[in-house]
Amino acid sequence: MKKKITIWCEIYKLIWSFSPKHLIFLSTLGLIQALSVIFQLVSIQTFISYVQYNISDIRNTILSLSIIGVVLILRRLYNAYFNYNINKHIVWAQDIIMQNFINHTAHTPLNEYYNVDFETRKNKAIQGAESASLFLIIGLMLISFNIPYFIFIGLYYSYMSPSLLFTLILIIIPCFYAIHKNMHYYKELEDKISKNRKVTEYYYRCIGNINYIKETKTLNAGNYFFEKINNEAAEYYSTTHRHTKLVLKNSILGEAVKFIGYVCIFITLILLVKNNIISVGLFIAIITSLNDMYSVFNDMVDRDFKSLSSFYSEVVNYIDYINIKYKDNIAEYNTCNTISLNNVTYSYPNTSLTAINNFSFDFEVGKTYAIVGENGAGKTTLSRLILGLLPVQEGSISYPQKNNGSKKIYPTFSALFQTYDKYPLTVAENIFLSDCKKDTDYNEINNILAECGLDINDVHQFPNSIHTMLSREFSGIELSGGQWQRIALARCMYRDGDILLLDEPSSAIDPINESTMYKTFKEMSVGKTSIIVSHRLGLTSIVDYILVLDKGKLIEYGTHDELIALNGKYKQMYLSQSSNYFN
C-alpha cells in the first residue's frame, strides 16, 4: 500500500508543479460534495421528525417539504457541476502528463534508443500516461470526498449507536484487502502482457503500415503475420483469463462481506427502533443514508478502486520511465581551432562489439574531410559522436571556441543524415524548422532550393510553390526519395552551421545528380569545417583529406593521391568501385 500511495503522490506533485490552484479547487469541490450529502441527510431526518409530531400543522409541513425539495434540487445541480469539473480536469491533467512524457522522451540520449528494452519501456510508459490522469483524479476524490464522507457518516452512526459504526468498519476492511490483492494481480498481468502488446502492434504494422506493406504484399506474407498475431492473441487471452479468475475470486469475497454487513446494519436499526432508542423518523433517515452510502461505497469499490487497481501498474511504468535520470553529455571546448578526438571509444548497448575503437584525430577548422570505409566500419557512429548525439564512453571530444572580447562564441552544427526525416509540413516549413530562431526569409529558401536542384516554381509539381504541403495524409503531395533528400539538404544549408556533416548524402540520388550534390557540398563547405561520410569514393576528389575506417579504427589518412600511393585499403576500395564503371 505504501508503494501505491507513493506512486499517487508522484503524479500529484507533477500536476501541483504546473497548477496547484486546480488541485485545491477540485479538493474543495469534493469536500463540499461530502458535506452536501450529510446536509441532505440531516434535512430529511429533521423533516420526518417534524412531520411525525406536527402532522396537523399543514402549512409548516408544506413549507418544510418545500425546503427539502429546494435542498434536493440544489444538491442535484451541484452534483452535475461537480461531475462536469471532474471530467474537465481529467482532460487537463492528461495533457500535462503527456507533455511531461514527451519532454522526457525528447531529452533521452540517442544511445538509450539502442537498448533492447527501451521501446518496451516507452510503450508501457505511454499506456501509463494515458491512465495517470484518471489515477490522479480518482485518488484525489477518494481523499477529498469519500474519506470525509465516511468520516461524517461514521460520526453520525456512532452518535446513534456504536454498533452501527462497528458494523460499518467490518464491511470496509475486508473490501480494502480484496482491492489490495487485485492491485497486485493487475500489476503482474500488465508486466506479462506488455510484450504481447508490443509484438502484436509490430505485426499489425507489417500488414498495414506503408513502410512495410509493399514488401509484405510482394512476398504474399500477410497470412504469415496473421498467424503470428493469432498466436500472440492466444497467449494474451490465456494470461488474462488466469488473472481474471483470481480477481473474480477476490471480488466475490468483497461483495459477500458487503452484503452481510448491510444486513447486520438493517437488523441493528430495527432493534433500535423496537427498543425506542431511535425514532421512526431517524430510522427512515438512516435507511435513506444507508441507501446513499451503499451507492457511494459500491461506486468506490466497484468503480474507483477497481480502476485504481487496473491503472496502478500502468502508472508505475510511467513514473519509472520519467524518473530515469541521464547523465548530461557536456561538450568540451578548446582554443586550438580543431575538433579534437582523443582516444575515443564507443560500444552500442547490448553488444560486445566496439563500434569506435581508440580513435584519435584533429579536424582542422576550414578544411574538408571524407570519412570512408566498408559497411560496419563505424563511419555513422563516428559522425554521431562528433555531433554529440552519442556520449563518449572513453576518451574525449573537444570543439573550437572563439573569444570575441569577453564573449565566448561556440560552434554550431549543420547535418544531413542518411535516414532523414520527411516532415508532413509545407516545403518552407520543412526548410526553416532547422533554424527556428532565425527570421523566415522566403527568398533565401527559394535560392537554397534552386541550388539543391528543386524547381519550386513548377506548378505541376508544387501547386502552391513553397507553401505546398508535403504529405498526402494532409491533402498534399508526395515526393520521390531523391526529392526528399534535396529537401533535407536544403534544410541543412539553411541552418548554415560552422561545422557541416553529411552522412551518405547521395544514397537516394542517381549518378548524374550525384555530381551536382558534390558541387553543392563544395560550395557549402567554404569557410566551414566539413565532414562527409560515404562509402562512395567519387567525392574524394573534392575534399582536402580522407580518413579510412576499418572495424572502428583509423587505419589510413591523407589526400587521395597520398592514399593511392600508400597502396592500402583505400586504393583497394577505389579500384574495386572504379571497376564497376570502367573495365
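Refer to the structure above for everything that follows.
Below is a short write-up of the structure. No experiment lies behind these values; they were computed from the predicted model shown.

1. Here we look at the packing of aromatic side chains
Here's step 1: Throughout the structure, instances matching the rule amount to 24 aromatic pairs.
Here's step 2: Relative to Phe82, the ring of Tyr78 has its centre 6.4 Å away and its plane inclined at 25°; by these criteria the two rings are stacked. With Tyr78 and Phe82 both in helix H3 (residues 58-106) and 4 residues apart, the pair spans about one turn of that helix. An identical accessibility class is assigned to Tyr78 and Phe82; each is buried.
Here's step 3: Between the aromatic rings of Phe82 and Phe145, the centroid separation amounts to 6.4 Å while the plane-to-plane angle is 50°, which identifies the pairing as tilted. Residue Phe82 is found in helix H3, and its partner Phe145 is found in helix H4 (residues 118-160); the two are separated by 63 residues along the sequence.
Here's step 4: On the accessibility criterion, Phe82 (7% relative accessible area) is buried.
Here's step 5: Note on Phe145: relative accessible area 12%, which makes it buried.
Here's step 6: An aromatic cluster is built from Tyr78, Tyr81, Phe82, Phe145, Tyr149 and Phe150, whose rings are joined through pairwise contacts.
Here's step 7: A cation sits over an aromatic face here: Lys438 above Tyr494, 3.9 Å from the ring centre.

2. A short note on the sheet that holds strand S9 (residues 499-503)
Here's step 1: With mixed pairing, 6 strands are arranged side by side in an open sheet as S8-S9-S10-S4-S11-S12. Strands with a single pairing partner mark the edges of an open sheet, and in this sheet they are strand S8 (413-416) and strand S12 (553-558). Recorded for the sheet is a direction-independent mean angle of 15° between the axes of neighbouring strands.
Here's step 2: As judged from the 4 bridges shared by S8 and S9, these two strands associate in the parallel manner. The residue of S9 that forms the bridge with Phe413 is Ile499.
Here's step 3: Across the face of the sheet, helix H12 (residues 481-495) comes into contact with S8 and S9 while running at roughly 175° to S8.

3. Considering the packing of helix H11 (residues 442-451) against H12
Here's step 1: It is the contact of H11 with H12, at a shortest axis distance of 9 Å, that shows an interaxial angle of 130°. Here H12 runs oblique to H11, going by the angle between their axes. In the crossing of H11 with H12, the sense of the turn from one axis to the other is right-handed. Contact residues: H11 offers Glu444, Ile445, Ile448, Leu449 and Glu451, while H12 offers Ile487, Ala490, Met493 and Tyr494.
Here's step 2: Of the residues belonging to the contact of H11 with H12, the class tally is 7 nonpolar, no polar and 2 charged.

4. Describing the sheet that holds strand S5 (residues 394-400)
Here's step 1: The sheet built from 4 strands is open, its strands ordered S1-S5-S2-S3 with mixed pairing. The outermost strands of the open sheet, each flanked by one partner alone, are strand S1 (332-334) and strand S3 (356-364). For this sheet the average axis-to-axis angle between neighbouring strands, irrespective of direction, equals 25°.
Here's step 2: Against the sheet, helix H9 (residues 379-387) makes contact with strand S2 (338-346), S3 and S5, and its axis sits at roughly 125° relative to S2, the strand it touches most.

5. Topic: the pairing of strand S10 (residues 529-533)
Here's step 1: Most of S10 sits inside the fold, with 5 of its 5 residues counted as buried.
Here's step 2: Neither face of S10 is open: one carries Thr529, Ile531 and Val533, the other Ser530 and Ile532, and all of them are buried.
Here's step 3: With 4 bridges connecting them, strand S4 (residues 368-372) and S10 associate as parallel partners. Paired with Thr368 across the strands is Ser530, a residue of S10.
Here's step 4: Examined bridge by bridge, S9 and S10 share 5 bridges and lie parallel to one another. Residue pairing for S10: Leu500 is matched across the bridge by Ser530.

6. Observations concerning a nonpolar patch on the surface
Here's step 1: Together, Phe259, Ile260, Val263, Ile267 and Leu271 make up an exposed nonpolar region whose accessible area comes to about 490 Å².
Here's step 2: Within the secondary structure, Val263 is located in helix H7 (residues 222-274).
Here's step 3: Judged by relative accessible area, which is 35%, Val263 ranks as partly exposed.

7. Thoughts on the nonpolar core
Here's step 1: The biggest cluster of nonpolar side chains holds 59 residues, and the ones touching the most others in it are Ile11, Ile15, Tyr149 and Tyr318.
Here's step 2: Counting only elements with at least two residues in this core, the list comes to helix H1 (2-18), helix H2 (20-53), H3, H4, H7 and helix H8 (280-322).
Here's step 3: A total of 17 residues in this core trace back to one element, the largest contributor, which is H4.
Here's step 4: With sequence-adjacent residues up to four places away left out, Ile15 is seen in contact with Leu23, Trp92, Ala93, Ile96, Ile97 and Leu136.
Here's step 5: Membership of the second largest hydrophobic core comes to 43 residues, among which are Phe432, Leu500, Met517 and Met573.

8. A word on the packing of H1 against H3
Here's step 1: It is at 10 Å that the axes of H1 and H3 come closest, and there the two elements cross at 100°. Between H1 and H3, the interaxial angle falls into the category roughly perpendicular. Packed against H1, whose contacting residues are Ile11, Leu14, Ile15 and Phe18, the element H3 presents Trp92, Ala93, Ile96, Ile97 and Asn100 at the interface.
Here's step 2: Classifying every residue of the contact of H1 with H3 by side-chain character gives 8 nonpolar, 1 polar and no charged.

9. A few points about unusual backbone geometry
Here's step 1: The phi angle at Asn343 is positive, at roughly 50°, despite the residue not being glycine.
Here's step 2: Tracing the backbone shows Asn343 in strand S2.

10. Here we look at the pattern of salt bridges
Here's step 1: For the coordinates displayed, the defined rule picks out 6 salt bridges.
Here's step 2: The shortest N-O distance in the salt bridge between Arg121 and Asp117 comes to 3.4 Å.
Here's step 3: In this structure Asp117 comes out as partly exposed when scored by relative accessible area, which is 37%.
Here's step 4: Of the charged contacts in the structure, one is a salt bridge between Lys122 and Glu119, with a shortest N-O distance of 3.6 Å. With Lys122 and Glu119 both in helix H4 and 3 residues apart, the pair spans about one turn of that helix.
Here's step 5: Lys122 gets classed as buried once you look at its relative accessible area, which sits at 16%.
Here's step 6: Because the salt bridges share partners, they merge into one network encompassing Glu112, Asp117 and Arg121.

Definitions and limits used
- Residues numbered from 1 in each chain as written.
- Predicted model: local features only at pLDDT ≥ 70, side-chain atom pairs only at ≥ 80, totals over all residues.
- Heavy atoms only, no water.
- Phe/Tyr/Trp six-rings, centres within 6.5 Å; stacked < 30°, edge-to-face > 60°.
- Helix = DSSP H or I, 4+ residues; strand = E, 2+ residues; numbered from the N terminus.
- Buried < 20%, exposed > 50% of the residue type's maximum accessible area, 1.4 Å probe, protein only.
- Lys NZ or Arg CZ within 6 Å of the ring centre and 35° of its normal.
- Pairing = 2+ DSSP bridges.
- Axes fitted to C-alpha atoms, helices over the stretch in contact; angles between N-to-C directions.
- Contact = heavy atoms within 4.5 Å.
- Parallel < 35°, antiparallel > 145°, perpendicular 65-115°, else oblique.
- Left-handed = near helix turned anticlockwise from the far one by under 90°.
- Nonpolar A, V, L, I, M, F, W, Y, C, P; charged D, E, K, R; others polar.
- Patch = residues over 30% accessible without salt bridge, like charges linked within 9 Å, V, L, I, M, F, W, Y side chains within 5 Å.
- Areas by Shrake-Rupley, 256 points an atom, 1.4 Å probe, with all protein chains shown as cover.
- Salt bridge = Lys/Arg side-chain N within 4 Å of Asp/Glu carboxyl O.
- Core = buried A, V, L, I, M, F, W, Y, C linked by side-chain atoms within 4.5 Å.

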